[in-house]
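Structural overview
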Amino acid sequence: MKITILGTGTFYVTNERSAQSYLIETNNKKILIDCGPGTLKQLAKIGLKPDDIDYIFLSHFHADHTSDLFAFQMNFRLKDFFSDEKDYKTPIIYGPKGIEEFTRKLSHVYQLPAFDNYDRIKYVPYNNQEIIVDNLRINTFGVSHNAFGVQADAFSIRIEENNKVFVYSGDTIKCEGVEKASENADIFICDASYSKGKGGAAHMDTLDIGEIAEKSNVKKVILTHFYPNTNSVDLCAEVKEKFNGEVVRGEDLMEIKL
């Protein structure tokens, strides 16, 4: 399993940081987790196109995790107009309940109703469940993420292959869902929006991360989802106040092999 971090940022996109997106490559398949601002450009940097992706998993619907999804899908819709190729591959998109409606509603908001009666892209809603994809065990765990007073349908995502475990926290506070998702993880990519003592209803802080990682017997934590106010903070050191394992500050286009 190879993991490429496409984006470690949020809505604050810079030259150094794109927004949330992760590429998982295994069994000759490519899985995209989240599709925030800049994802298409990051894929292009590593030589990939939308039609190279087999599956997309969305942790939740917030735009810093999904705003490139519409453009991603339009690549296929426009192929129908501009290309003679008719038998092309399209991804299966997994997301929280309402994923297909999410796409259709956005298309109308954008005044581009391109997905009405369009069935080439398959959508699969999920809840707390196990999903088997090409011999991969993918489990989704509901988590708590309340932003601007609205509770999101948010999930942590766990992928298992050959006794190796990759976990992506998504956006969450410290809760049972992310604790279960991260059990015995070899790689735990975790929301590190806040330095210690500054967590809230939307995101955990670094001490929460350390406590979860230690309790869950995580081997390696990779921090992500950075806001500018933590640029000068040693987030890794803060996590290690509670966690004895390895902690790394994630960078865009970083590659990890399991």
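Further up the page is the structure itself.
As a starting point, this report considers the structure included with it. All values reported here derive from a predicted model rather than from experimental measurement. Throughout, residues of each chain are indexed from 1 in the direction in which the sequence is written. The predicted origin of the model limits local features to residues at a pLDDT of at least 70 and limits the giving and counting of side-chain atom pairs to 80 or more, whereas totals for whole chains, interfaces and linings rest on all residues. Side-chain metrics in this entry use all non-hydrogen atoms of the structure; hydrogen atoms and water are not considered.

**Some details on the pattern of salt bridges**
- Salt bridge, as used here: a side-chain nitrogen of Lys or Arg that lies within 4 Å of a carboxyl oxygen of Asp or Glu. Applying the stated criterion to the full structure yields 20 salt bridges.
- Across the pair Glu100 and Arg104 runs a salt bridge, and its minimum N-O distance is 2.5 Å. One end of the pair, Glu100, and the other, Arg104, are both in helix 4 (residues 99-109), 4 residues apart, so they sit about a helical turn from each other.
- A salt bridge links Lys242 to Glu211; the nearest nitrogen and oxygen atoms lie 3.9 Å apart. Of this pair, Lys242 sits in the loop between helix 7 (235-239) and strand 15 (246-249) while Glu211 is found in helix 6 (residues 206-215), placing the two residues 31 residues apart along the sequence.
- Overlapping salt bridges bring together Glu130, Arg137, Arg158 and Glu160 as one network. Counting from the N terminus, the helices are the DSSP runs of H or I reaching at least four residues and the strands are the DSSP runs of E reaching at least two.

**Focus: the side chain of Glu161**
- Looking at the element boundaries, Glu161 is found in strand 11 (residues 154-161).
- When a residue's accessible area, from a 1.4 Å probe over protein chains only, is under 20% of the maximum for its type it is buried; when over 50% it is exposed; and in between it is partly exposed. Only four residue types enter the charge count, namely Lys and Arg as positive and Asp and Glu as negative; His and the chain termini do not. The buried charged residue Glu161 lacks any salt bridge partner; its closest oppositely charged side chain belongs to Lys164, at an N-O distance of 10 Å.
- A distance of 3.4 Å separates a polar atom in the side chain of Glu161 from a polar atom in the side chain of Asn27. Any pair of N or O atoms that falls within 3.5 Å is considered a polar contact. Within protein, one atom must be able to donate a hydrogen and the other to accept it, and sequence-neighbouring residues count only if both atoms are side-chain atoms.

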